[in-house]
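Coordinate inspection notes
Each chain, written out:
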Amino acid sequence: MAEIEIGPLTNRFSDDEIAELAKRMEKLGAPPLPRTDERNAATIADDIDDDALSELMDRLDAHDLAADIYLPIEFEGIIEIADLRVASATALLDALDEVKEELEEEDEDLDEEDYDDDDDDEPSLDAEVRDAWRHVLDGATAALDKKLPLLIKQ
């Protein structure tokens, strides 16, 4: 199962990697990394279906915004450090709005024939993707409110 949490960068990066990230962000013209208070760290969700989160990340990738870490500051682009992708939580919120519209359009395109009555006990992947979307939205909002990075672990 995948996990979404807000917490300090030290949960995922070494001090040297954080320094490298700060240097690269400065080159992009991004504001400095915010000081974080580890007391505000929290798990947003720890039981997200891996396939659903992968599908959501594919959708975010179509918007050039799939990342492992979203910082609570505004900047353009994605930075790769230690095989992890870092992006802006502010930009994530914008992309999530677009993904929501895509999901709603897909719902409208479905008709009653597309539903399989035999699988009523198991949630569909579409429902799981919507659930993952909701958790990522909650995480991005909390990250911005508490000024902590959003960490997505697949």
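Residues numbered from 1 in each chain as written. Predicted model: local features only at pLDDT ≥ 70, side-chain atom pairs only at ≥ 80, totals over all residues. Heavy atoms only, no water.

Another aspect to go through is the pairing of strand 1 (residues 2–6). Most of strand 1 sits out of view: four of its five residues are buried. When strand 1 meets strand 2 (residues 42–48), the two strands line up antiparallel, connected through four bridges. When the sheet's bridge partners are listed, Ile6 is paired in strand 2 with Ala42. As paired strands, strand 1 and strand 6 (residues 150–153) are joined by four bridges and run antiparallel to one another. Counterpart to Glu5 in the pairing with strand 6 is Leu151. (Buried < 20%, exposed > 50% of the residue type's maximum accessible area, 1.4 Å probe, protein only. Helix = DSSP H or I, 4+ residues; strand = E, 2+ residues; numbered from the N terminus. Pairing = 2+ DSSP bridges.)

Interhelical geometry of helix 2 (residues 50–62) versus helix 4 (residues 125–146) gives an angle of 70° and a closest axis separation of 8 Å. As the angle between them shows, helix 2 and helix 4 are arranged roughly perpendicular. You can see that helix 2 and helix 4 cross each other, and the crossing is right-handed. On the side of helix 2, the interface is formed by Asp51, Ala52, Leu53, Glu55, Leu56 and Arg59, while helix 4 contributes Leu125, Glu128, Val129, Ala132, Trp133 and Val136. Looking at side-chain class alone, the contact of helix 2 with helix 4 contains eight nonpolar, no polar and four charged residues. (Axes fitted to C-alpha atoms, helices over the stretch in contact; angles between N-to-C directions. Parallel < 35°, antiparallel > 145°, perpendicular 65-115°, else oblique. Left-handed = near helix turned anticlockwise from the far one by under 90°. Contact = heavy atoms within 4.5 Å. Nonpolar A, V, L, I, M, F, W, Y, C, P; charged D, E, K, R; others polar.)

Below, the discussion takes up helix 2. Across its 13 residues, helix 2 extends 18 Å between first and last C-alpha, which sits within 8% of the 18 Å expected from 1.5 Å per residue. Burial in helix 2 covers these residues: Ala52, Leu53, Leu56, Met57, Arg59 and Leu60. What you see down the axis of helix 2 is that its buried residues fit within an arc of 155°, all on one side. Of the residues in helix 2, the exposed ones pointing more than 90 degrees away from the buried face are Asp51, Asp58 and Ala62. Count one or two residues on from helix 2 and you reach Asp64, which has phi positive near 55°. (Expected span 1.5 Å × (residues − 1). Arc of directions from axis to C-beta.)

A separate point is the environment of Asp49. Topologically, Asp49 is positioned in the loop between strand 2 and helix 2. In this structure, the C-alpha to C-alpha distance between Asp49 and Arg134, residues 85 residues apart in sequence, is 13 Å. Within polar-contact distance, the side chain of Asp49 engages the backbone nitrogen of Asp51 at 3.1 Å. For Asp49, the side chain forms a polar contact with the main-chain nitrogen of Ala52, separated by 2.9 Å. (Polar contact = N/O pair within 3.5 Å; in protein donor to acceptor, adjacent residues only side chain to side chain.)

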